[in-house]
Structure formats: structure tokens, C-alpha cells
Amino acid sequence: MSEEITSRNSIDIEAIRLKLERDGGKRMWRGLQELSDTPQFRDAAEHEFPEGADSNSGINRRDVMKLMAASAAMAGLSACTKLPTEKIVPYVRPPEEIVPGRPLFYATSMHQAGVAVGLLMESHMGRPTKVEGNPEHPGSQGGTDVFAQGSILNLYDPDRLRSVVFESTMSDRSTFASSMGNARVNFETKSAGLRILTGTVTSPTLGAQLKKLLAKYPEAKWHQYEPSGGDSVREGTRMAFGKPMNPVYNFEQADVIVSLDADFLTTGAGHTRYARDFARRRDLAEGPGSKLNRLYVVEPMPTSTGSVADHRWALRASDVEGFARQLGAAVGVSVPAGAGTSAVPADAIDAMGRDLTAHRGSSIVIAGEYQPPFVHALAHAMNAALGNTGKTVTYTESIEAEPVNQMDSLRDLVNDLNAGKVSFLVILGVNPVYTAPADLNFASAIMKAQTRIYSGQLSDETGQICNWQAPAAHYLESWTDGRAYDGTVSITQPLIAPLYEGHSAHEILSLLMDDVPQSAHDLVHTYWESQGPEKGRAYEAFWETSLHDGIMSGTALPAASATLRSDFVQQAPSAQTAPSGLEITFRPDPTIGDGEYSNNGWLQETPKTVTRLTWDNAVMISPATAHQLGLADGDYVTLQLNGREAKGGVMLVPGHADNTVTVHLGYGRSHGGKVAAGAGFNANLLRSSTTPWIATGLQIKKTGDTYTFATVQHQYAIDPDTQGGGQDFASETAFRRDLVQIGTLDDFKKNPEFAQNESNQVEYHGPSLYPNFKYDGYAWGMSIDLNRCIGCNACVTACVSENNIAVVGKDQVIRARSMHWIRIDTYFRGGLDNPETYFEPLPCMQCENAPCEYVCPVGATTHSPEGLNDMTYNRCVGTRYCSNNCPYKVRRFNFYLFSDYTTPSLYGVRNPNVTVRSRGVMEKCTYCVQRINAAKIRSEVENNRLIADGEIVTACQQACPTEAIVFGDINNPNSRVAKLKAQTRNYGLLTDLNTRPRTTYLARVRNPNPEIRA
Amino acid sequence: MPQIFHRSSNFLSRASIIGAVVLLGLLTLALWEITMSPWYTNQNLTVQQPVPFSHRHHAGELGIDCRYCHTSVEKSSFAGLPPTQTCMTCHSQIWTNAEMLEPVRASYRTGQSLSWTRVNALPDFVYFDHSIHVAKGVGCTTCHGPIADMALTYRAGTLYMSWCLDCHRQPEKYIRPRSEVFNAFYTPPSGNQQLELGRQLVKEYKVAAPQYCSACHR
Amino acid sequence: MEPEGSRKNIAVVDRDPILGPGHTLGTVTTKISDIVLTPGITKGWLAGFTVAVTLFLLLNVVMTYLFAYGVGIWGINIPIAWAFAITNFVWWIGIGHAGTLISAFLLLMHQRWRTSINRFAEAMTIFAVMCAGMFPLLHMGRPWMFFYMMPYPNPMWLWPQFRSPLVWDVFAVSTYFTVSLLFWFVGLIPDLATLRDKAKSRVKQTIYGALAMGWRGSAVHWSRYEFASLLLAGIATPLVVSVHTVVSFDFTIAIVPGWHSTIFPPYFVAGAIYSGFAMVLTLAIPLRAYYHLEDLITTRHLDIMAKVMLATGMIVAYSYLVEAFMAFYSGSQYEKFMLMNRMAGPYKVVYWGLISCNLIIPQLLWLRKVRRSPVALFIMALVINIGMWLERFVIIAISLQREFVPGKWDMFYPTRWDWATLAGSFGLFFVLFYLFVRFLPMISMTEMRTLVHQTEEEKSHV
């Protein structure tokens, strides 16, 4: 896209600030550009039409397909194309459980930074197609996050390493095995120089294998490095209790929560479960009487957790410690005060202290994964002081097989490498060449090892420079086990045979140590047999149940006694004054993590919470600081941090802390695959192993270029020259149109109907020519609780996966053509420095009087007697009239042939029950009609029984970790959705248009501390 | 000045007025005929199969129940195509060395599936479900025609949407008692009796016969 | 428009005539037919034609690329799913209206000044409708499925959705095209006969002869001819009103603020005639200069057409005011916002551009001097053409740009393909028009002859 778009991005902060102050910080806005009034923008607007660049440059594979499609279309013109003949191929010997045409569900689990998350996989004819959360599993309880939803695409990733590669020539599994065999024989005699590098290992089996290996080869060493691992959590407990422990929080019991830069709702061990528990305490089913929890958050960069907080302060990551000390003092932990932090007024801290002490035993203080250990220790101390330990916070033995300080572990490895002590390096499933902090210079160090063996999904940065590259098996392809956040063991069972002769870590280790290499299945199976009392048949039964349920009963780790060390404060870093100079904070990316998902189109295109950014990471900075530094949104800048540098685009983030910059890791991959190529910049180049997450002394220099971001919620200016006609009226719009209804708990208690008014009450009372259609039988409807939504985008990704939604790419996102059927509109209220953030998930409203329907010239979108707004792709001719007439703009159009018809490996991920849309047709949310029909057919075949409430679950509802989305039959007064819609908080969007939407919302109710004035 | 046109052109010009109309009519008719013709719909056309399987022999003469081979017809959208194993249950005993059956035996030996040519194929954007139709008293032969009398299997209907709608608009014309669904020789009662029976069954089985789009298209 | 009674004033001296002095039946005929019959082509014509063909070829490139890749090559998006293509459609269809108005309506009104301009005005109509008709097809996502829009017997047992204005369009536009074509051709028959008779080469004789359908100019032929013309005029006149009304329904039927408005039908019709006459002038003035037709298309004609523009322009202006007034009077915040966004939003330049082109500048037409200076009028016509195109763009794209839900507001940036498509449609139009002026009489000889005749008579009556 040409300059015009980028030029729209730059902003005059002072002007905005003034405007916001003018109207007392209580008004809605959507983004900076909207508030801004910039010469660049006026230029752009003053060209009669800014020229847009064109998207098709050069002919590539898909273009050719498009041309072919076009010619096929021409053939279609003649209306004489005969139906193609299809082949149909039966089994030779049928597998028992498979009924052709019916999906099967298997429990399994995936590992996120080593921690097991329980999943339920949908499989069609032996082909896994959809990830769901496992309701039995404590770590998910049926919810999922974006990573789990996206992970299935990694299985079918066309860029995966497809065979064993030796010295960049194609090899095969047996050659690899035999060569490992030879190595093994050598190790028998001389094992010095053997090094194993893994990520965090919670898998008991793998742990046992590694220990066995170390026992067998005494001079060998095992190193662990998880790029986004919780080193601080581990070290924090070590500091507080003298040994690494595993904190487990119970948010369902917590009335008051203080988060010290912890985004516990979307990151870290157990976040899915935590989100669910947290949301249960944001429920208002009991009306004004319900017990709402209260959340205080201090954080540098706005996150999901910060956005749903009742009180949030933007604090530099390094100032959090100072704040923690003050809060500690306020709740009776004897700790020397650190550098005072102006950002949080002292009286507020006292109020928080009072609030916490008022809720002894029912409060939580939680520290963020990327805060230094001492902050964690302080948090533990505060929980102890508040009597939360054992109630809302319990500690178990570490869930890791071998808890070590992983940064040290990696550093040791590098030193050994440089010292030439390493001859044989085995890297299992981590990519240190890319993820390791730059100062370790891993890429050069690794070359000092004679034999380098890499097992990973892609031939990535590390794989590139290893002699052996062995394809790693995806978690859906191999057996393993792992521990959940609370220690519960779940078996990972494969749903499909390895697509590309993938090895699991178990198998590779077995090759290196066992005379008779064993399969992953046998290893896991025998390990657990050796652990439990049951043997033989009894064990088989136990094994079967464990597989079936997806968890091994009774394996949750018991609460261990955690006595605070009296001297932990002494070993605290001396409370130094807050470091001066510009600070930079590194975080794993909210959608692609530390790079594990860089090549995942779904996750790349999933908008990041709050910023709504796709396909990029950015130099995120507060408007005020940007103003000081003379930076504007979209400036392309050079970041310099002690001698190292990286280039990236500046993005102004309202609510970001001042004097600090946040960058997300996981981007700027050099060998990350076709999708990852060219997206974002590599922030690891700036990191050092001593200060991996927070560093000061950052220098920012303009390059003079500008950078275009692909944000799905378009933010731009309205030229405010004409008074009243300025952005004032625009920013008020969302507010005045009652799209987001907000109140405090007090408002709610005073007036439970506060959310409803003339323009948004669900029942339309205005005049209408026609009587309403009578829906007897089922009437499908949806309710979305804005008080539960944390804007994590799990629903968006789940919808993409369930409904075969196409990935369109950065350029098309810039052109406002992203295809997501459900989007999370994000609105801000209040000043720039620390606005309140509001999320609003927007699927199709399934209007009873749908404006889209009557304008379609061919009747491609029509109404079902159950109130669904049907979209018939094969009838659509693409006039796009329906989209124009949709007041919610939830319809999506295939402007090009967005669906990939040509990459065979991607056929596998498609849901066979949903049509893959071709070019030129409109599409939209269907309430997962395929699931509705399946349930209806089932119920009618089972002699016409009624469909039970909750029998049909839409993809977004199923994925939602906070149960914010509920779908069901609104004609059944006892259904969950009907009950929710009966709540007084219930309201509809734009109901004054008499659209009679079936999707309605429950207003957001905040619970601020009356003692603290916002 | 010589005449430019021959006298006949008078007639021609007049004729052309009617001619144009007639020609247009014929063209429309021809197009319609083509779309409805077996050549275009594959209706009533037998196709080349790896093995000349005869429903007449198996379902008709031997009277094997449809569900013996099409096992999932009652539980799934897909009726199911018999695995080679099913063929071999009998043909490991009888006709063990019939030349005709060599492909079947070969498949069983090698584990290579037989690759049949689909006879009743719907477009990919149509989601048909056998189980529900069977449950609502739509007989196999209602859609698949006189299957018990097909030496080689052919498509009995046009499989056009109109063909589906014909029944979905008036199910009573076709519905039969559940007990008769798999009866390959069932003959519906004539004329009004069928309609009466049909109406009664429609009530009894709660036949909705949906006609809204998402019933079949999604 | 000239009052009915004006006929008797034709010869009055202070009013200059609608036919230059000294013209006889013979002179007019030769003057017009010579343009067609003189062998060889002039440099000017060739130059213009080349440009037109180039643009036409560009259109073909665009269409190939469009069918190969899809409408994504344009700048449209969600929310702004309609932009240039539909703007062009409405604009072109509007252009057509002047032709029908002049030839049919004024015929019934016995406005004889129409005679010297109706022929090429009708041609303009037909070509404009062709350009217009092209766009709805091009803008479809799956143009090869266009026949779903038509009611025809099909094995799906499906009809088009008759509640949708787009289906009404199909009928409105196709009817309009058919009737205009017939009307135009019937009018041509006697002239074709004349050409047949005056033509030297055998080829020309045959072609013109065939087209003349054996016209002999007998009394019967003439009476039938008169009858047919009147009949068709009768049919065509309501179309002047109906077609653009239906087109305006495309918008009024929708709930989009800025579209959903009861004033659109009259407003669109007036606008159509406004832009139509502008186009007639855009074509007439150069033609008249190039082929020295000043005494057939006199300043009087220009003056009258200018007045028509002024009149329709005022109606359009009134509509703008009503629209603005209603936005506030309605009390609907959506309507108010829509108007504010037009006037002060990111596309305010376009809005004010259209106001100045359609409202402010045309006020100069009050000046007799301007009305009578070809150059001034020509520029004025161009300005109005641009203004009317902008008006359609503002209505269509800018209303969509910021609709109900701020979370899905966006911007529209035309790509070079948007511009190419627009340019290409001009190519199509002018190719046809150049061929027309070269091979068919651009002014009706028959009617000019009657005009000469009548003028004689009235002179003698004075």
C-alpha cells in the first residue's frame, strides 16, 4: 500500500490530549488516528482519491490457479459443463470404530512451554480436523486458547521438514537410526562431549529417559531452554522457599486480585483454567446480589488481563518491583521501600492494601512470568502475609522433571561449546539459534560441536546449521505424556500416523541409549506400568481409562508445605533507584508465541488483543513517550541496545507505560517457513542473557521510512476542522449508539436495567408494517457476556478452524478484506495514558428481520424457520448488496480466490461438513449450522426426541475459556441462553433499526474500589 | 439505376420477422432438453466398474439386505460402501476362481482398495444425509430406483434440486412404512391410497422435509 | 423548456431561428449526408477514433484481468463493497436520459428545436446504456452466473428474488435499451433510404438499402412512420421517469444512512437529465464546430439546452438541501452523522467538489452570455459531468464508508484498475460514437426537411 495509508498513521499527541481533556476523559474512541488531526491526513484527504497500490504483482502459483479458475468460469458461461465423474474407494478391511461420515473424538494433550493442556480432538475418517478443550482436564475444563486452536494447522503445515536430512542432502529414517546406533556404541566407551538440549520437560517418561541416559553416560549433560519459559516463577519460589516449587492459584475463591504485570488470563501455566475461574467471578446471574471479584493490574503493555481490570496502572516493567515493595509494606511484609513509583498514587496503594487485608485468605497477589524473581518472592510473601497460602494459593513440588535455571543452563552449554567440550549435540524441539539472546551468539557457538543433531518440525534457523535434521513428530503424531499446571498427568495419544516419518524425542533418546530402540508408545506405556501398583490386565484397564479421559486420575501433585524463608528479603537485589533512560520489555507474541507458530497463517492473521495488529510485531510505545522522542505512529526506526540493533515500525499504544517500549518475540524469522517469511522483525537480536526480558538504555533512531501495519480495526482520523464536525462526533458515535453498555457495580445495583434504553432494548416497540414471524419449534439464539470476555481471540481462531475460513495475508488485511466471521471490536474510553478498554465479540446477529436478505437478487441469503440467516454459497453471484445492507458489517466477501485449493497438505485440516468457499461469493457466521443440523438429525433419528440444551455448541462458544458465549434455543425458557437473555443486563445492538438480532449482549459491569477515584 | 435487391428480399425480410421469434423459441427448448437429457444428467446410464457388480443378482435374486453391505446407512450421512472384506465373506467360499472376481481377490491379497466409479454423486456443496431419510420412511428404491433389477447400477434420478424438492414439497407422495424402507420390491399403493398412507406417515414420523437452504447447503 | 406557444414566435426577429438562414430542402440534406457519404476519413476523426480505440482496448485488458482474478483488483472492501463500478453504472445510465427526453418527450411536446439534436442524442443514449449495462455484470463476484438474476425455467426450481431492486434493474435497463434502440432505428429508416439513394458505391447502396428495409417514401410509409414514432415516443416517455427511479431504488430500498431516502426518485431523474444534457452539449459543441453545423445546431439550441440544465440543476440543488434538512429534521443520529461525515469526513473534498460542480458553478448559466458562448458552455458541461459523477460516488461509497458500527469503519482507495475501468467505458462509448458520426447521419435529414418546410410557411405568414 502506498504512502497514503502510512501517512494516515502519524499523530499529534498533544492535540489529542487536549481534546480528551476537553471532554473530561469520559468518551469513547477507537484508536489514535481517530483522535488525531494531522497534516499528513489532511493531505491524504485532500487528494480527491488517494491512490491505492495494487495487490497482484507478478504471477505466482495461486495466480495461475486463479487464471485457471477464470477459464473454468468461462466454460461455466456456456452452462454446458457436465458433472465430473467421482471415484469412490472403500476400505479393504474396515477399522472397527470408524463409521464413515461420522467424526470421532479422542482425548489427547499438547504442551505449551512444556506444560500439558488437555484437548479433545475431532477426527474425520482418521484425519484430525478440530481442536477442542477437554472438559475433564483441570488445565482447560473445555476451554482453549489461540495456540491450541491454531496448533492443528502446524500438523498440516506444507513447509514441514519432510524427511531426515543429512548435510543438507535427503536421507531416511533407517540411515539416521543406524548412525545414531554407531554413536551409541561410542558413548558406551566415551560419553564426554554428549549434550542434550530440550525445552522444559514435564513429561515423566522423558524425564526418566533423560535421567537414565545421564546415569548411563556419566559425562553427558542435559540442558534445558524454553524461550518463553517461566524462569522467574521457578527462581522466585526458590528465593522465597529455598527450593523451586509450583504455585497453583484458585481464582474462583479470590475476591481481590492484584496482578504485578501478570497476564495470567492468556499466558503462563494454567492460564486457560485461570481465565475460566476468573470469569466465574465476573458472573452476575444473581443480579445485584452477585459477588463480583475485583482485579487490580499494574503492567507496562496493555494485555487481556489489564483490559478487564477494575483498576489498571501503566507501570514500567522495572517499576513493578518498587510498586510491589510498597504494596508489600501496605499488607505487612517487612521490606525496604524501593524507588517510589509516581504512576500509582500512594493513597491508591493504601486503598489496595486495605482491600487486600479486608479479604485475608480470599485474595491473590500474582507476579508476571517476566518479572524478576524477587517480585515473585514478594508476591509469595504477600500471599503468606494475607493468609492466602493454602487457600487461594497452594504450592506443589515442581511439575518439571528437572527444574533448573534455564538461562544458566543454556549459558553453560554455550560455554562448553566455545570451550570445545561438546562433540555431539542433540537438540530436541527447540530452536536456540533463533530464540537464544543475541549475546550468547549461539549460532557461532553451535558450530564448534562436530556432530549436531536437530529434531524439529521445520528446517529452521537451528536445523539449517545442523548435520542431521530429523523431522519431529507433531503432538498429534506421537505418544508422550506431560503434567498440567497442577501436576495432573495426561497422555498425549496420536490421532494420525506421522505424515513425514517424524520422530518423537522419546524415540531419538531411545536410539541413543537402548540396545533395542523402543517406540514412544512402549516407552510411555511401560513407564507408567512401572510407576503404578496395577500390573497386567488391571494396568491395561487403567491405561485405557487414562487415554479415554485424557487425564491420569490421582496424579495431581499434592499441596506441599511452603514456609517462607525469613531471609529472602536480604537476598533481594538492593532496592536501587529506578534505572534512567529508555527501557525495553520483551514478551512472547500474543498470537504466535516465541516463534513456535510463526509459520501458522491462522495465528498470524489472528488480531492481537488491544492493538488489533496482524502479521507483525511492532515497537510499541506510549503516545506521550513517542511525542517526547518525536516519533509518530508508523515510523520505521532503528532500535539500539548496548551495541546490538534491530529495525521495526513504531506503533503507538494507548495505555502503554511511559519511557518504555514493548516488542514481541517470534517474528523476523530467517528460516521460519513461507508464511513467517518477511513478517515483523527479530527482537531476539537485542536481548542479552543477563537481562532477557527487561533492559534499559535503549536508543531509538528514525530511519526516515514509514512502515505499514495491518490492523483489522481500522484506525484513522476524521478531519476535525469543522467544529462539532470534528472527530468529536465520530468518537462519540460508538458511545451514543449504545454498542457497548458499561456501568459500575453501583450503577447496576441502583438500576439493574441501566443497559437498556430506547435504542437498544431487544424488543422493538417502534411501528412496523408487518407482524413478526412466529417461530415455533427451535429458535436459535446467542448471548455474549461482555463482563466475561477477555478479548483473547480464541473464538476467532476456533471459528477459522471450524469453518474453513481462508487466510488472506497482510496486504489484504490492510485492504480491510480479512475473512473472520467473528471479530472482537475494541473500544477505548478515557484519556490516552490509561484508557479503559472494552471488547465486543461480533458474530452474525442472525437478525429476525435481516436487512441482508431482501436485497439479494438471487435469494442466496434467506431465513430458516428456526431463525437462522442462511447463506447459500452456490447460489451467490457476488453482488455484495447484502454486505452493504448489513448494519453490523459481519459479512465477508471472497474478493479473490482466497481459499487455497492447491496445497494438498492443507486439504487435511478442512472441516468436511463446511463448504470451502470459492472466489466471488459472500460468506458469514452461520451459528455453526453444520453442528445444528448434525444434532437435529441425530435427535430425529433417535425417534424424534428433543435436542437437549447444550447439546449444540458453536465453535466460538466451545473455545471460549471464559464461557462468555452461550448458544441455544431461546424458545426453551429453561435453556441457558434464554436465562441469560432474561437478565436485566441484556441488550441488543442497533435494535432501533428493528433488525431483531438473535445475538444479544450482557452489559459490562466494572467493580472499582470506591476508595480509589479513577 | 439498377435494382439493388432481388424481389425475393421482400419475402425474406417479412419471413425473418417470424423466423427470429420461432428460432429463439426452438433454441430455448433445445437448451432445456439438453439439461434434462441423460447425456447431461447421467440418468439411467450404466458406468464402467472394476467389477461388473450386479445388484439384480445380489439384492434381487439372492435377496441380500441392503444393510449387509451399506452398513452405515442408518447411523451416518454416508450409506457406506462395502470393504473388500465384505465381498470376500462369501467369495472366499463361492466363485472362488471366477475370472470376473479377480480384482476383488487381488484387492484382498494386496490390500489395494477397489476403486469404483461413483454412480449417485451430489455436488460438494450439497450435504445429504442417509440416516435421516431412512428414519423418516424414505425407501432405498424411492431415490435409487429399481435397484433389485439393475444388472449394472445406474443413476435413477436426475439428482437435480427440483428432483429433491419434488419429494420435500410433497413427502406424502413417496413416504412408506419404516418396515418397508429396505424392501427392494416394495410397490406403493396406487394413487390416492398412497397419498392417504403418506399423509398419515408424515404425521406419525414427524416428517419435516425442510425446504430452507441450510438444510442441505452450508 | 420552451412554452407551447413559442412556435408562432419562431420567425420573430429578436429571437434568432432554430435553423440558419438560406437553407432549402436540398442544402440540409446534402450538408448532412455528405458527412457520411464523402469517401475517405478526415484527420480529426481518425485522431479521435484512435484515442477511443486505445481506451477500448484498455477496457478489454481490464475485463480479462478482472475475470481472471476477481473484483479484488478494485479498491472495494468490506464495508465499502460498492464504489466505482456502481458509480459508473448510475452515471452512464443517467447520461442516457437526455436522449430519450429530447427525442420522445419533446416530440410529444412538439418542440421542434429538438430536430437537429435528437438523432445523436438518441445514439448517445444507446451507447451510454450499453456502457451502463456493462457495469452490473463486471462488478459481480461471479459474472458467469449472471443468468441467476433472470427468471427462466431451471432444474433448481428457483426464481430470482423479486423483492431485490437489482432484479428490477435488470428489467428496467433491458427494456430501456430495447425501446431506445427501436425508436432510434425507426427514426433512421427514411434517412437510410436517402443515403441508399444518394450513395454511389454498390456496397454502400446494399448496406444502407438493407437497413432501409425497402423504404419508398410512399404516403402509406410516411403515415406508418409517423404513427410508429409517436407510439414509441409514447412508450419511451414514461421510461425517462421510470428507469432512473428504479435505479434509485437500489439505494432507497436499503437501510444505509445516505441511501435510505424517499427523495431519491425525482432527485435521480432530475440529476439524470441534468447530466444528460451536459453530455449532449459535450458532444454537440465539438461536432458542430468540426463539421460546421452552426446553422443546423444554432446558438439558440445551445441556449435552450443550457436553460434545461439550469432548470434541472436547480431541482438537484433543491434535493441536496432537502437531504441535508431531512438529516437533521429526522432526528436520526445515523442520518445526522452521515451528513456530517460527508461534509467534514475524510472525503469532504469530494463532497464539496460535487457541491461546487453541480450547484455553484452552474449558476453562471443565468448569464445569457455564458449560455450562448460555445466554449463557456462546453467547459460548463464538462464541469457538470464531473460533478454528477462525484455526486454518485458520494452517495454510494461515502455512505458506506462510515456506517452503523464504528468498529468496522474503513477507507476506500481506488486502485489503478478502478480508473482503468472508468476510462475503458469511455473507450467503448466513443468508439461507438465515432463510428456513428462517420456512417450514419448524425442529424435527422427527414426532420430537418420538415423544419425547413415549416419555417418557409411561417415566414410567408408574417
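We now turn to the structure provided with this report. (Residues numbered from 1 in each chain as written. Chains lettered and ligands numbered in written order. Predicted model: local features only at pLDDT ≥ 70, side-chain atom pairs only at ≥ 80, totals over all residues. Heavy atoms only, no water.)

Right, let's talk about the overall build of chain C for a bit. The helix and strand inventory of chain C stands at 15 helices and zero strands. Relative to the globule expectation of 23 Å for 462 residues, the C-alpha radius of gyration of chain C, 23 Å, shows essentially globular dimensions. Referenced to the eigenvectors of the C-alpha coordinate spread, the extents of chain C come out at roughly 75 × 55 × 45 Å. The burial tally for chain C puts 63% of its 462 residues in the buried class. Considering only residue pairs separated by 6 or more positions, chain C has 82% of its internal contacts joining residues 24 or more positions apart. Looking at chain C as shown, the accessible area adds up to about 16,900 Å², and 75% of this sits on carbon and sulfur atoms. One finds the centroid of the 34 positive side-chain charges in chain C at a distance of 4 Å from the centroid of its 24 negative side-chain charges. (Helix = DSSP H or I, 4+ residues; strand = E, 2+ residues; numbered from the N terminus. Rg over C-alpha atoms; globule rule 2.2 N^0.38 Å. Buried < 20%, exposed > 50% of the residue type's maximum accessible area, 1.4 Å probe, protein only. Contact = heavy atoms within 4.5 Å. Areas by Shrake-Rupley, 256 points an atom, 1.4 Å probe, with all protein chains shown as cover. Lys, Arg positive; Asp, Glu negative; His and termini not counted. Charge placed at Lys NZ, Arg CZ, Asp CG, Glu CD.)

Residue and element names in this part refer to chain A. In spatial order, the strands read β38-β31-β40-β39; together these four strands make up an open sheet with mixed pairing. Of all the strands in the sheet, just β38 (965-969) and β39 (986-987) have a single pairing partner and so form its edges. Strand direction decides the pairing type here: strand β31 (residues 780-785) and strand β40 (residues 999-1002), joined by four bridges, are parallel. Bridge pairing in β40 places M782 opposite T999. (Pairing = 2+ DSSP bridges.)

Counting residues at the interface gives 44 residues for chain B and 40 residues for chain A. In this assembly, chain B packs against chain A so that about 3,800 Å² is buried in total across both faces, 57% of it on carbon and sulfur atoms. At the boundary of chain B with chain A, the tally comes to two salt bridges. A salt bridge links E940 of chain A to K136 of chain B; its shortest N-O distance comes to 2.8 Å. (Buried area = accessible area lost by both parts, 1.4 Å probe. Salt bridge = Lys/Arg side-chain N within 4 Å of Asp/Glu carboxyl O.)

Bringing the packing of aromatic side chains into the picture now. Summed over the entire model, instances satisfying the criterion amount to 75 aromatic pairs over all chains. Their ring planes at 90° and their centres at 5.0 Å tell us that W215 of chain C and W222 of chain C sit as a pair that is edge-to-face. Taken together, a centroid distance of 5.9 Å and an interplanar angle of 10° make the contact between W389 of chain C and F393 of chain C stacked. Residue W389 of chain C and its partner F393 of chain C are located together in helix α13 (residues 374-401), separated by four residues, close to a single helical turn. Assigned by exposure class, W389 of chain C and F393 of chain C land together as buried. Aromatic ring contacts, followed pair by pair, group W91, W92, F127, W184, F426, F429, F430, F433 and F436 of chain C into a single cluster. Between R737 of chain A and the ring centre of F337 of chain C, over which it is positioned, the NZ or CZ distance is 5.1 Å. (Phe/Tyr/Trp six-rings, centres within 6.5 Å; stacked < 30°, edge-to-face > 60°. Lys NZ or Arg CZ within 6 Å of the ring centre and 35° of its normal.)

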